[in-house]
Amino acid sequence: MIKNIKVNLEAIEAMNYFWHAAADKDHIEESFFNNVGQIEAMKYIYDDEFNEESVRLVLSAIKNRELINGNKKEMKFWNYNMWVMEDFQYTQMMIDPCKKLNLDFLVDEIQEYNNKNYEEIEVIFSMMYEGVYEIKDNKLIVNFFRVKPDDLEEGKTYIDKTDIKEFMKEKIIELLR
């Protein structure tokens, strides 16, 4: 029986700090880049071409106002991070719905789909270089860069053209099957 749906914002919090500090040209310790690379939310997106060192390399390049000469995934990660630093008002409009996301309303609705007998589901927002989401065991990893506030209707937010709450419900049901 599912008792809890947890939302993990650790990567958003760390990266939001980084984006503002880098934009303000504040001093950021190299150890911070290593720490970001070790965040659980980041580890889920690693593969043979993108890993902790990739995160360190990209964040260091951004801090130092350098272009990156990395592989395709590192270049995409660099590009997405530079993009969110262009308009902090828009970025905040992406962050706020994630921070306010309460999925307790889904607990009763999804019980019938729980074929894996999970007690807890974790929704993790990560800074993915590609894709919209991934499912790993009882974890739904969502690409923060795909969070899109509605341009016309305040308070409406989408992930991959689907309302954020409906997206969460669909993907959590997929996770449970």
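You'll find the structure just up there.
Residues numbered from 1 in each chain as written. Predicted model: local features only at pLDDT ≥ 70, side-chain atom pairs only at ≥ 80, totals over all residues. Heavy atoms only, no water.

Our focus in this paragraph is helix 4 (residues 52–63). Owing to its 3.6 residues per turn, the α-helix aligns residues three or four sequence positions apart on the same side. Given a rise of 1.5 Å per residue, 12 residues ought to cover 16 Å, and the 17 Å separating the end C-alpha atoms of helix 4 matches this to within 8%. Along helix 4, the residues classified as buried are S54, V55, R56, V58, L59, S60, A61 and I62. On the buried face of helix 4, the contacting elements are helix 1 (10–23), helix 2 (30–37), helix 3 (40–43) and helix 5 (72–84). Capping of helix 4 at its N-terminal end is provided by N51; its side-chain oxygen lies 3.0 Å from the backbone amide nitrogen of E53. Where helix 4 terminates, the next one or two residues include R65, which has phi positive at roughly 60 degrees. (Helix = DSSP H or I, 4+ residues; strand = E, 2+ residues; numbered from the N terminus. Expected span 1.5 Å × (residues − 1). Buried < 20%, exposed > 50% of the residue type's maximum accessible area, 1.4 Å probe, protein only. Contact = heavy atoms within 4.5 Å. Polar contact = N/O pair within 3.5 Å; in protein donor to acceptor, adjacent residues only side chain to side chain.)

Read from one edge to the other, the open sheet built from 4 strands follows the order 1-2-4-3, with strand pairing classed as mixed. Both edges of this open sheet fall to strand 1 (4–8) and strand 3 (133–136), since each of them pairs with a single strand only. Taken pair by pair, the neighbouring strands of this sheet meet at an average axis angle of 20 degrees, ignoring direction. Both strand 2 (residues 120–126) and strand 4 (residues 139–143) contribute to a ladder of 5 bridges, which runs parallel. Considered in strand 4, the bridge of I124 is made with I141. The strands touched by helix 8 (residues 164–176) within the sheet are strand 1, strand 2, strand 3 and strand 4, with strand 4 carrying the most contacts at an inclination of about 140 degrees. (Pairing = 2+ DSSP bridges. Axes fitted to C-alpha atoms, helices over the stretch in contact; angles between N-to-C directions.)

Right, let's talk about the packing of aromatic side chains for a bit. Scanning all chains against the criterion turns up 11 aromatic pairs. On the numbers, 6.4 Å between centres and 70 degrees between planes, the contact of F32 with F33 is edge-to-face. (Phe/Tyr/Trp six-rings, centres within 6.5 Å; stacked < 30°, edge-to-face > 60°.)

This paragraph deals with helix 1. The end-to-end C-alpha distance of helix 1 is 20 Å, a good match for the 20 Å that 14 residues give at a rise of 1.5 Å each. Listing the buried residues of helix 1 in full gives A11, I12, A14, M15, N16, F18, W19, A21 and A22.

This part is about the pattern of salt bridges. If you walk through the whole model with that rule in mind, you get 13 salt bridges. In this structure, E49 engages K73 in a salt bridge whose closest nitrogen and oxygen atoms are separated by 3.8 Å. Here E49 is found in the loop between helix 3 and helix 4, whereas its partner K73 is found in helix 5, with 24 residues between them in sequence. E49 gets classed as partly exposed once you look at its relative accessible area, which sits at 42%. Sharing partners across several salt bridges, the network here consists of K6, E122 and K139. (Salt bridge = Lys/Arg side-chain N within 4 Å of Asp/Glu carboxyl O.)

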